[in-house]
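Each chain, written out:
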Amino acid sequence: MIREAGREDLQQILELYLCLHEDSVPEMSEHLADTWEQILRDENHHLIVYEEEGKIVSSCVCVIIPNLTRNVRPYAFVENVVTHEKYRKRGFAAACLEYARRIAQGSNCYKMMLLTGSKEPGTLAFYRRAGYNSTDKTAFIQWIGREKV
């Protein structure tokens, strides 16, 4: 089942992020709780999850960004695409990306952008199959306040 995350999903999402790039699940803190509430309240922030047998196994974030160009049409930014290792190659991440695309279309976005730190040919091919290309734009990253994470 694919859906947007709810308040009760925080712990499972944090555990899933161990398959992304995190090395530990953060301890519950006021800052974490406040950030989670901010995400849940933000109508432009969509944390999409794929649930299989009661467990969140895949996810992505789609943020709709208001914009003054392109006839004042917003654009979507997709980040934190992840699937638990045991559930990969079953279409769950593709379903999450398709769900994000429907959100972007429903918000009248003129484009979607996705960044990945992966250089794996299979991962890059997956994003191409999902409709993304790496030729239209050039991405630059500047890490703030610390070395590359």
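Residues numbered from 1 in each chain as written. Predicted model: local features only at pLDDT ≥ 70, side-chain atom pairs only at ≥ 80, totals over all residues. Heavy atoms only, no water.

Applying the stated criterion across every chain, the model contains 4 aromatic pairs. Centroid distance F126 to Y127: 5.3 Å. Interplanar angle 55°. Geometry classified as tilted. There is no split in this pair, since F126 and Y127 are both buried. Aromatic ring contacts, followed pair by pair, group Y50, Y87 and F92 into a single cluster. The ring of Y75 carries K111 above its face, with NZ or CZ at 5.4 Å from the centroid. (Phe/Tyr/Trp six-rings, centres within 6.5 Å; stacked < 30°, edge-to-face > 60°. Buried < 20%, exposed > 50% of the residue type's maximum accessible area, 1.4 Å probe, protein only. Lys NZ or Arg CZ within 6 Å of the ring centre and 35° of its normal.)

This next bit is on the nonpolar core. Membership of the largest hydrophobic core comes to 23 residues, with the highest contact counts inside it found for I48, C60, V78, V81 and L97. Residues within four places of V78 in sequence aside, it is in contact with C60, V61, L97, A100, M112, M113, L114, L115 and Y132. Grouped together as the second largest cluster of nonpolar side chains are 14 residues, I13, L14, Y17 and V82 included. (Core = buried A, V, L, I, M, F, W, Y, C linked by side-chain atoms within 4.5 Å. Contact = heavy atoms within 4.5 Å.)

Summarising burial for strand β2 (residues 45-52): 7 of the 8 residues are buried, a large majority. Pairing geometry for strand β1 (residues 2-4) and β2, over 3 bridges, is antiparallel. What sits directly across from R3, in β2, is V49. Summarising the sheet, β2 and strand β3 (residues 55-65) pair through 8 bridges and their orientation is antiparallel. Within β3, the residue paired with V49 across the bridge is S59. Turn length for the β2-β3 hairpin, with the two strands adjacent in sequence and antiparallel, is 2 residues, and the turn residue E53 shows positive phi of about 55°. (Helix = DSSP H or I, 4+ residues; strand = E, 2+ residues; numbered from the N terminus. Pairing = 2+ DSSP bridges.)

Two side chains of opposite charge can pair, provided their charged atoms sit close to one another. One pass over the structure, following the stated rule, counts 6 salt bridges. Residue D9 pairs with R3 through a salt bridge whose shortest N-O separation is 2.6 Å. Both residues of the pair, D9 and R3, count as buried. The partner of E98 in a salt bridge is R102, and the shortest N-O contact between them spans 3.7 Å. In this pair, E98 and R102 are both assigned in helix α3 (residues 92-106), 4 residues apart and thus about one turn of the helix distant. One salt-bridge network, held together by shared partners, links R3, D9 and E51. (Salt bridge = Lys/Arg side-chain N within 4 Å of Asp/Glu carboxyl O.)

It is worth spelling out unusual backbone geometry at this point. Of note, V72 is a non-glycine position whose phi angle comes to about 60°, a positive value. Here V72 lies in the loop between β3 and β4 (75-83). The exposure class of V72 is exposed, given its relative accessible area of 56%. One non-glycine residue, K89, lies in positive phi territory at about 65°.

Functional significance is not addressed by these values, which are geometric in nature.
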